[in-house]
Amino acid sequence: MMIAGGLGLSTARATNNNAYTPTATTQTRGAVTGCVTDAKGAPISYANVSIKKAATGQVVASASTITDDKGMFTIKSLASGDYVAEVTFLGFQTTEKPFTATSHGANLGTIVLKEDAQSIDKVEVTGVRSQMQFDIDKKVFNVDQNIASTGGSASDILNNIPSVEVDGDGEVSLRGNSSVTVWINGKESGITADNRAQILEQMPAETIEKIEVITNPSAKFSPEGTSGIINIVLKENRSAGYYGGVNATIDSKLGGNVGANINYTSSVADFYVNLGYRRHVRDNGSTTLRQNFALEDATRSHDPGQEISRILTSEDGGGVGNNGFARLGATFHLTKKDDLGFAGFGMLGGHSNDEVINYTSTVPGSYTSAVRRTDGRNKMMGGHLELNYRHKFGTDHTLDAIVAYDIWDMEGNNDYSQTSYYPVDTTRSYQRQLTDMRNSGWTAQIDYLNKLNDNHRIEAGYKGTINGENSPARYSAGTSADDLAPLYALYNDFSYNQNIHALYFNYAGKVRRFGYQVGLRGEHTSMRTRSLGYEPSSEEQEWYTNQYFKVFPSVFLSYSFPKDHELQINYTRRIQRPRGHQLNSFRNMSDSLNVSYGNPLLDPQNANAFELNYIKSWENHILSVSAYYRSTDEVIQRINYLDGGVMMSTFANVTRSQSAGVELVAKNKLWQCLDLTTTVNLYYSAMSGFTYYPPVEGAEAVTGDGNSNFSWDARLVANLTLPLGFSLQVTGGYNSRRVLAQGFSMGNYFVDAGIRKSFDGKWSLALNCRDIFNSRGRHSVTEGKGFIQDSERWWGGRRFRLTASYSFGNMKPIRPRNAGQMQDGGDMGGYDMGEE
């Protein structure tokens with residue numbers, strides 16, 4: 001699929017994708033091909049190529065493109081005649097090459113660009129790369145020029161990605177489903193559902209180059225996450241020589257960050273270093289109204305009956321986080337066929353949180369009002385280290401090996417004080433909770449790729465992961481901070497080990513315009529958990545173990561139509577294993593009236609996913625349509641029930657879900673200055689009814705009716721290029737009402753905006769406002785036997801940021817070496833079987 005590159009629109013080029021997709025390079029009739037390099041023979045990526053008529057000099061409509069990461073370009077269906085190919089790139093002289101096109105097209109060979117020494121230091125860069133690139137089954141979002149998120153975090157970046165949502169707790173969801181896997185540079189990097197929110201919140205936005213979203217990965221990739229994979233690709237400039245930059249941000253809540261990076265590349269080795277510091281100030285709050293009813297058999301589908309009491313809760317809080325971020329790496333080119341590299345990143349810091357919860361209650365025998373204060377001090381440190389090796393047997397024939405180690409440690413120290421007011425008395429209590437969650441793991445992987453010929457390709461590999469987590473929690477109580485005694489009944493030492501060994505094999509081929517790929521992945525999982533109390537005898541408690549072997553097939557079929565049409569249908573099987581906090585039976589009592597705990601007996605969720613993808617391109621427009629269906633068994637849901645006036649919350653495999661939807665993405669270039677990217681996701685979801693028996697003696701079963709819902713969300717990103725080096729960006733989104741297991745959540749929206757001014761190509765100044773209308777939040781209603789609870793939460797709030805950036809070094813492009821390569825089998829882009 002080739003789009004007019006000179007207009008800022010492009011499609012992600014195929015290299016090692018889930019399925020072979022026939023592209024323009026597989027067509028011969030009327031196709032013009034070539035390669036662009038510098039004087040040293042290094043391929044030049046993103047060079048603009050346009051075709052002009054030799055007689056008039058007029059640019060031929062739909063005959064412009066940009067080069068891929070190998071410097072290659074293809075222009076389809078050019079009529080016979082005499083033409084001139086014009087190639088331009090920043091810092092190089094414009095080069096023209098006359099040629100004659102026949103009915104079989106033309107091969108222009110290698111076009112060499114000469115460096116323009118006079119202009120490289122004078123050119124002011126006012127244009128930017130296309131913000132979104134399309135592939136038939138993946139979307140790539142180039143966020144390094146995202147003005148609205150400048151000075152923010154990785155969470156801020158993700159919240160502006162179409163079909164991706166990050167809530168106030170840092171929970172990431174894709175297409176309305178939180179069962180999603182998040183990677184950094186194609187690797188898990190020790191990121192789990194338990195530490196993901198903290199890591200993403202501390203990662204500076206300036207370190208991120210692009211976000212890759214793949215919703216139906218092939219057997220080559222880990223099947224973890226039923227809704228797909230989000231890959232965060234960090235910046236790793238590959239300009240020959242050296243390149244670097246510094247930046248600083250301050251925001252209206254007295255937060256900010258500073259960072260610096262430098263890259264050096266030569267024929268012998270590549271090096272990069274990135275250092276940063278981030279201070280984040282956060283506000284949050286909530287209100288909750290719980291109504292209790294006398295009708296014992298009340299359900300959502302009946303009148304709840306007469307209200308007998310209610311509890312009103314309001315929370316006001318905030319926090320401050322300070323952390324450092326470091327990243328470094330090197331690749332040594334041992335020979336022309338062998339590369340050896342190491343890479344790593346780490347974080348060190350902490351955050352404090354202070355919250356005040358006010359209660360008003362009419363429950364008989366309870367207090368009439370209470371005030372509960374939380375004073376939290378938390379520390380976090382950890383990182384990722386890897387050693388990687390690549391051997392190139394030949395063109396598209398490689399062997400990759402990676403060994404990686406991850407470790408993360410999060411310590412928590414939270415003090416809770418509560419004053420309760422009764423009609424005739426006042427009581428005071430004080431609790432202290434100490435936690436220390438540590439997880440670490442090893443990963444070893446080997447990937448083999450062999451493109452046998454233009455029509456056949458095989459891939460095979462092994463991946464092994466050994467992960468362990470230990471989360472001791474200690475609790476003490478008294479009437480004040482100076483009068484604390486251990487509360488042994490709440491001591492908990494949770495251990496969680498999970499080992500996964502996987503083998504995969506993919507075979508891809510093509511017959512004319514028809515492409516196919518079939519794959520199979522087998523995974524053996526060994527999981528065990530244990531929660532120990534204080535009593536010495538608990539050391540003898542047996543581990544709860546669960547071992548299973550599962551097979552994950554994948555099938556991808558594609559067909560390339562004339563005139564820029566592409567169609568693909570695929571099927572994969574995926575899994576979502578229980579997360580550590582969902583398995584931990586420790587009871588979180590930070591809110592005395594709302595207690596949550598995990599369930600060590602959870603089983604994994606299993607999903608079957610189907611997708612139908614279609615892309616159509618015009619000179620100034622791209623339309624992508626994805627229809628999908630997903631069926632999930634053993635769905636893990638949060639269950640709420642009352643126990644002595646306290647709302648208990650846990651997890652259980654209680655239901656089956658189905659979802660189907662259509663995702664529409666349109667990219668439009670208007671008047672050469674306005675770039676619009678619009679995404680609309682329409683989906684239907686349904687959950688079966690369930691019955692859950694609480695682990696409380698004499699407790700009645702919790703039941704839920706089957707429910708269904710039609711939901712939708714939309715995102716709009718508008719980029720406007722203005723005179724004098726100014727650029728403006730506005731981002732907005734809306735999420736409609738959604739179904740929950742015991743209720744629903746209301747719709748919400750957001751609007752962000754930013755403006756940037758560039759000076760002489762090196763300096764830039766950006767001002768943005770996040771959450772202009774203070775609208776980010778969540779409003780949900782849950783119902784159960786004897787209660788209805790209405791909760792509203794908000795976080796963040798309106799925030800202004802001012803960022804200054806300075807870049808230095810040269811800009812001589814070379815071909816990227818594995819930038820953002822997916823550990824589970826290479827780059828997530830497409831794979832072009834027809835290219836040599």
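Residues numbered from 1 in each chain as written. Predicted model: local features only at pLDDT ≥ 70, side-chain atom pairs only at ≥ 80, totals over all residues. Heavy atoms only, no water.

Enquirer: I'm lost on the overall build of the protein in this one. Help?
Expert: For the protein, the helix and strand inventory stands at 3 helices and 46 strands. Expressed as a percentage of the 836 residues in the protein, the buried residues total 56%. Partitioning the intrachain contacts of the protein with sequence separation of at least 6 by distance along the chain shows that 69% fall at a separation of at least 24. (Helix = DSSP H or I, 4+ residues; strand = E, 2+ residues; numbered from the N terminus. Buried < 20%, exposed > 50% of the residue type's maximum accessible area, 1.4 Å probe, protein only. Contact = heavy atoms within 4.5 Å.)

Enquirer: What is the right way to look at the side chain of Q605 in this model?
Expert: Looking at the element boundaries, Q605 is found in strand β31 (residues 605-617). You can call Q605 buried: its relative accessible area is 8%. Looking at Q605, its side chain comes within polar contact range of the main-chain nitrogen of I636, at 2.6 Å. When residues no more than four places from it in sequence are discounted, the contact partners of Q605 are S179, R574, I575, Q576, T632, D633, E634, V635 and I636. (Polar contact = N/O pair within 3.5 Å; in protein donor to acceptor, adjacent residues only side chain to side chain.)

Enquirer: I'm lost on the pairing of strand β16 (residues 256-265) in this one. Help?
Expert: By the bridge criterion, 10 bridges tie β16 to strand β17 (residues 269-293) in an arrangement that is antiparallel. Within the sheet, the bridge partner assigned to G259 lies in β17 and is G276. Between β16 and β17, which pair antiparallel in sequence order, lie 3 residues. (Pairing = 2+ DSSP bridges.)

Enquirer: Which parts of the structure should I look at to understand the sheet that holds strand β7 (residues 106-112)?
Expert: Pairing between sheet strands relies on hydrogen bonds along the backbone, with the strands arranged either parallel or antiparallel. The strand order across the open sheet formed by 3 strands is β4-β1-β7, and the pairing between neighbours is mixed. With one partner strand each, in any of the chains shown, β4 (72-75) and β7 form the two edges of the open sheet. The mean inter-strand angle of the sheet, taken between neighbouring strand axes irrespective of direction, is 15°. Note: strand β1 (residues 32-37) against β4, 4 bridges, orientation antiparallel. From the neighbouring strand, G34 faces β4, where its bridge partner is F73. (Axes fitted to C-alpha atoms, helices over the stretch in contact; angles between N-to-C directions.)

Enquirer: Looking at this structure, how should I read the pattern of salt bridges?
Expert: Between side chains of opposite charge, a pair can form as their charged atoms come close. For the coordinates displayed, the defined rule picks out 26 salt bridges. A salt bridge links K52 to E96; the nearest nitrogen and oxygen atoms lie 3.0 Å apart. Of this pair, K52 sits in strand β2 (residues 48-53) while E96 is found in strand β6 (residues 95-101), placing the two residues 44 residues apart along the sequence. A residue is classified by how much of its surface remains accessible, and K52, at 15% relative accessible area, is buried. Among the ionic pairs, D354 bridges to R377, the shortest N-O distance being 3.8 Å. Taken together, the positions of D354 in strand β19 (residues 338-361) and R377 in strand β20 (residues 369-394) put the pair 23 residues apart, joining distant regions of the chain. By relative accessible area, which is 39% here, D354 ends up partly exposed. Bridged by salt links that share partners, the residues D156, D752, R770, R776 and R801 form one connected network. (Salt bridge = Lys/Arg side-chain N within 4 Å of Asp/Glu carboxyl O.)

Enquirer: Sorry, what's going on with the pairing of β1 here?
Expert: In regular strands, side chains alternate between the two faces of the sheet. Along β1, 5 of the 6 residues are buried, which leaves the element largely enclosed by surrounding structure. Direction of pairing for β1 relative to β7: parallel, over a ladder of 5 bridges. Looking at the pairing, V32 lines up with A106 of β7.

Enquirer: Mind showing me how you'd approach the environment of A627 here?
Expert: Looking at the secondary structure, you find A627 in strand β32 (residues 621-643). In the structure, A627 is positioned 37 residues away from L664 in sequence and 8.8 Å away in space, judged by C-alpha atoms. Setting aside anything within four residues of it in sequence, one finds A627 in contact with F610, E611, L612, G661 and V662.

Enquirer: I keep staring at unusual backbone geometry and nothing clicks. Help me out?
Expert: You will see that R512, though not glycine, has its phi angle at about 55°, which is positive. Within the secondary structure layout, R512 lies in the loop between β25 (492-511) and β26 (514-532). Of note in this structure, L724 is not a glycine but carries a positive phi near 65°. For L724, the position within the fold is in the loop between β37 (707-721) and β38 (726-735). Overall, L724 belongs to the exposed group, its relative accessible area being 69%.

Enquirer: Whenever I open this one, the nonpolar core confuses me. Can you help?
Expert: Nonpolar side chains in soluble globular proteins tend to be buried together. L158, V172, M203, I208, I211, I230 and I232 are the most contacted members of the largest nonpolar core, which totals 31 residues. With sequence-adjacent residues up to four places away left out, I232 is seen in contact with L158, V182, W183, I184, N185, L200, I208, K210 and I211. Counting residues in each nonpolar core, the second largest holds 21 residues, with F73, V87, A106 and I111 among its members. (Core = buried A, V, L, I, M, F, W, Y, C linked by side-chain atoms within 4.5 Å.)

Enquirer: How do you make sense of the packing of aromatic side chains when you look at a structure like this?
Expert: Each pair of aromatic rings is reported with the distance of its centres and the angle of its planes. If you walk through the whole model with that rule in mind, you get 16 aromatic pairs. Ring plane angle 65° and centroid distance 5.3 Å describe the contact between Y488 and Y491, whose orientation is recorded as edge-to-face. The exposure class of Y488 is partly exposed, given its relative accessible area of 35%. Ring centres of W763 and Y806 lie 4.7 Å apart, and the angle between their planes is 45°; on these two criteria the pair is classed as tilted. With W763 in strand β42 (residues 763-770) and Y806 in strand β45 (residues 799-809), this pair connects stretches of sequence that are 43 residues apart. (Phe/Tyr/Trp six-rings, centres within 6.5 Å; stacked < 30°, edge-to-face > 60°.)

Enquirer: What am I meant to see in the environment of G733 here?
Expert: By the secondary structure assignment, G733 is in strand β38. Along the primary structure G733 and L716 are separated by 17 residues, whereas in three dimensions their C-alpha atoms are 6.4 Å apart. Sequence-distant contacts of G733, that is, excluding residues within four places in its chain, are made with A714, R715, N748, Y749 and F750.

Enquirer: Would you take a moment to explain the environment of N322 for this structure?
Expert: Mapped onto the fold, N322 is located in strand β18 (residues 307-333). Not counting chain neighbours up to four residues away, the residues in contact with N322 comprise Y277, R278, R279, L348, G349 and G350. In terms of polar contacts, N322 uses its side chain to reach the side chain of Y277, at 2.5 Å.

Enquirer: What am I meant to see in the confidence of the model for the protein here?
Expert: A residue-level look at the protein finds 85% of positions with pLDDT of 70 or above and a mean pLDDT of 80. Below a pLDDT of 50 lies the segment residues 297-301, which in the model reaches 14 contacts outside its immediate sequence neighbourhood of four places, other chains included. Low confidence marks residues 811-836, where pLDDT is under 50. Its contacts with residues over four positions away, or in another chain, come to 134 contacts. (pLDDT = per-residue confidence, 0-100.)

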